[in-house]
2 protein chains.
Amino acid sequence: MTTIYDVAKRCQVSTATVSMVLTNKGRISDKTRKRVLDAVSELGYIYNQAAANLRHKRSNSVGLLIPDIVNPFYAELIAGLSGYLEENEVLLFLAHTEENVAKQNRLIESLISQNAGGLILCPAPDTDKQFLSSVKHRGIPIVQVVRQCDDAISDYVGTNNFLGVQMATEHLIRQGHRHIAFVGGSLSSQTRAHRIGGYMAKLLEHGIAPNEHYMVSCKASRADGASATHTLLDAHPEITAIIGYQDIVAFGVMRAIKDRGLRVGKDIAVIGFDDVPEASDSSPNLSTVSVSARKIGEAAGECVLARMRGDSANIKSVIFPPQLCIRRSCG
Amino acid sequence: MTTIYDVAKRCQVSTATVSMVLTNKGRISDKTRKRVLDAVSELGYIYNQAAANLRHKRSNSVGLLIPDIVNPFYAELIAGLSGYLEENEVLLFLAHTEENVAKQNRLIESLISQNAGGLILCPAPDTDKQFLSSVKHRGIPIVQVVRQCDDAISDYVGTNNFLGVQMATEHLIRQGHRHIAFVGGSLSSQTRAHRIGGYMAKLLEHGIAPNEHYMVSCKASRADGASATHTLLDAHPEITAIIGYQDIVAFGVMRAIKDRGLRVGKDIAVIGFDDVPEASDSSPNLSTVSVSARKIGEAAGECVLARMRGDSANIKSVIFPPQLCIRRSCG
DNA sequence: CTGAAAGCGCTTACAG
DNA sequence: CTGAAAGCGCTTACAG
């Protein structure tokens, strides 16, 4: 491995000079600079950023912790984030927590140990706030995305879940639906609480009494969405509309409806949440609450980098307004 | 920031002792060990792995470079890889090359500079072999996945593309199809060359002359798959079957067929490649060549870690056999 | 404009 | 069983 020292020896200067050339600091004569640069390429020297970071007590990487890489919503988020980081020459650690707090904690420790300068976290259910605080106290900025385990603990980038589902519910009610179900999400999820809140608030606003049997939780997959829907419709055939907690669940809901010989959008209306790419491509294509995951990723990147660079403004939340995207699945 | 030095001072031992406790090396008396461990938790000390790595000339992170995070195939691959790495306490850098060689090169340099100990690369088209060789000469192991820019340059984990498409083509021919098209992939792609090779070989085997107008390339998205299909069917209405280069393209193919008022699986058969999760969920669900992206991810992880740990066996290829998965989209 | 030297947080042979 | 000291590859204040 060739180091700054080899380069220095090769062109008869000190390592300080080489370092200054490499980092564009101090005044170096053009001849010296050229000598150094030539030696660099002749030797195939690669700058050791990790060593520089150690010396600097600085970092140029951030860690992203997400619960479910297979959900295309997160793929979009990563696309937005990684593009932003790349422009800023910051590297991305990706950690897959799989909704498991213990794993999440382990991964956070590893990331810090590995010198990630900031963390972007979509917290697993029952995330330990104490633990997050202790990370913050170590000076590692955290920004929560999509989900928020506690309001006042860190910056947050996400959408207005309450409003999003309100819009969806309102639309269904205006279409004449009265038996509207809500499928998906895990019981302990704050995000689900907000979404269900929007759903119930709209029902009440229109004088419809929320029926607790119409709200079922399930895991974030097509298969779970489908089986939850079968159970639900077996018990409550009067239901004419279903809001999916996430698109991925809504896809399962649609499949179940079709498997029962019913028509999505005619017999039962479906609306999802997220607007993943497939939503515009399914049959029928899925009406959904659109949240630009890409923008969330970008904004989260912007936010951590600012904090890493010393921005010490008050904790803030960046909330992107949701948009209702009406397609064929709701008639 | 608390260091090994603070811990040492707190329990009146040397930093060497603390280091040994932390890494479970040397003989440390139980009392001393306990003293150290207590101090560690009292001070909230976090081991600086990056510093240890510098000292060791070692690394516990690998970089993954992928061209298209939004394609669910890669999400699956990441799931497999990240699970394996996590078990081995290795961190993952994720780099998104977006099919751009210049960006890919920049990212590779950054990853090395950042002390990634190995690279898993799904090479962008026209990847520079020279550049990859120079990386290898620096002692950074590379394993190529899914695509291979050159046979002899590094380990490779992927599937048998030729065979996979042969199986698909064979199936269609047996169903009686004679006008079979192939949609997708970029012209410079080796992988596409292999897949098209399998397609043509099977046609020839059955005495069907390949028609160059039946092979169209397009970008890896639903929208591009759809528009390529429209153009194709406008010019060649006699076509009764289409093989999609990837599932994501095949979804677009299906959409175009439906938009033309034709029935997928009845009027035109469709087969994809990859078997992403949506394939079993689309309407109709998509017949496809199944390649376990998850397994590829895992195997690639296994392979780089082995190399990082000094395995110097000859370059090898791990080829997973493709499986034809017949569903409704091909009748 | 350039060099000598200390130090980032850790490890490890070498003494004792 | 434990400590003193050199060194991983870089940077930076201080001289000159």
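Chain A has the name LacI family DNA-binding transcriptional regulator in an unreviewed UniProt entry, where Enterovibrio qingdaonensis is given as its organism.

A. Inspection of the pattern of salt bridges at higher detail. All chains considered together, the criterion is met by 38 salt bridges over all chains. Here D155 of chain A ties to R307 of chain A by a salt bridge, and the two come within 2.6 Å at their closest N and O atoms. Of the two residues, D155 of chain A is situated in strand β5 (residues 155-159) and R307 of chain A in helix α12 (residues 293-308); the sequence distance between them amounts to 152 residues. Residue classification places R307 of chain A among the buried residues on the basis of a relative accessible area of 15%. Linked through salt bridges whose partners overlap, the residues forming this network are R222, R255, E278 and D281 of chain A together with R222, R255, E278 and D281 of chain B.

B. Broad picture of the interface of chain B and chain A. Each partner contributes to the interface: chain B provides 45 residues, whereas chain A provides 45 residues. Interface area, chain B with chain A, both sides summed: about 3900 Å², of which 58% is carbon and sulfur. The largest per-residue losses of area from chain B upon contact with chain A belong to I46, L91 and D281 of chain B, which jointly make up 16% of the total buried on that side. At the boundary of chain B with chain A, the tally comes to ten salt bridges. For R106 of chain A, the salt bridge identified is with E86 of chain B, shortest N-O distance 3.3 Å. Put simply, chain B and chain A have 20 residue pairs in polar contact (both at pLDDT 80 or more) between them. For the side of chain B that touches chain A, the secondary-structure elements that each account for two or more residues are α4 (49-56), α5 (72-87), β2 (91-96), α6 (101-113) and α11 (247-259) of chain B. By residue number, the principal contributor to the side of chain B that touches chain A is α6 of chain B, which donates eight residues. The class makeup of the residues in the side of chain B that touches chain A is 19 nonpolar, 14 polar and twelve charged.

C. Focus on the nonpolar core. In terms of nonpolar packing, the biggest core is built from 143 residues, with V145 of chain A together with V145 of chain B touching the most fellow members. Contact partners of V145 of chain A, with chain neighbours within four places excluded, come to L77, I120, L121, C122, P123, Y156, V157, I296 and A300 of chain A. Core analysis: the next-biggest nonpolar cluster, separate from the first, contains 38 residues, L132 of chain A together with L65, A116 and I142 of chain B among them.

D. Expanded view of the pairing of strand β1 (residues 61-66) of chain A. Residue and element names in this part refer to chain A. Within β1, six of the six residues are buried, which leaves it mostly tucked inside the rest of the structure. Here β1 shows a buried face lined by S61, G63 and L65 and a second buried face lined by V62, L64 and I66. In this structure, β1 lies alongside strand β2 (residues 91-96), joined through six bridges in parallel fashion. Residue I66 lies in a different strand from β2, and its bridge partner there is H96. Note that the unit made of β1, helix α5 (residues 72-87) and β2 has a crossover that is right-handed. Strand direction decides the pairing type here: β1 and strand β3 (residues 118-121), joined by four bridges, are parallel. Opposite V62, over in β3, you have G118 as the bridge partner.

E. Main features of the UniProt feature "domain: HTH lacI-type" (unreviewed entry) in chain A. On the UniProt side, "domain: HTH lacI-type" (unreviewed entry) is annotated at positions that read residues 2-56 of chain A here. Along residues 2-56 of chain A the backbone is 69% helical and 0% strand, and the end-to-end C-alpha distance reaches 21 Å.

F. Inspection of the packing of α5 of chain B against helix α12 (residues 293-308) of chain B at higher detail. All names here are of chain B. Taken N-terminus to C-terminus, the directions of α5 and α12 make an angle of 40°; their axes are 7 Å apart at the nearest point. On the basis of the axis angle, α5 is oblique to α12. Crossing of α5 against α12: the hand is right-handed. The residues of α12 that touch α5, namely those facing F73, E76, L77, A79, G80, L81, Y84 and L85, are A293, R294, I296, G297, E298, G301, E302 and L305. In terms of residue class, the contact of α5 with α12 is built from nine nonpolar, three polar and four charged.

Each value, and the rule that gives it
Residues numbered from 1 in each chain as written. Chains lettered and ligands numbered in written order. Predicted model: local features only at pLDDT ≥ 70, side-chain atom pairs only at ≥ 80, totals over all residues. Heavy atoms only, no water. Salt bridge = Lys/Arg side-chain N within 4 Å of Asp/Glu carboxyl O. Helix = DSSP H or I, 4+ residues; strand = E, 2+ residues; numbered from the N terminus. Buried < 20%, exposed > 50% of the residue type's maximum accessible area, 1.4 Å probe, protein only. Contact = heavy atoms within 4.5 Å. Buried area = accessible area lost by both parts, 1.4 Å probe. Polar contact = N/O pair within 3.5 Å; in protein donor to acceptor, adjacent residues only side chain to side chain. Nonpolar A, V, L, I, M, F, W, Y, C, P; charged D, E, K, R; others polar. Core = buried A, V, L, I, M, F, W, Y, C linked by side-chain atoms within 4.5 Å. Pairing = 2+ DSSP bridges. Right-handed = clockwise from strand over helix to strand, strands pointing away. UniProt positions renumbered as here; feature names shortened; annotations may be inferred. Axes fitted to C-alpha atoms, helices over the stretch in contact; angles between N-to-C directions. Parallel < 35°, antiparallel > 145°, perpendicular 65-115°, else oblique. Left-handed = near helix turned anticlockwise from the far one by under 90°.

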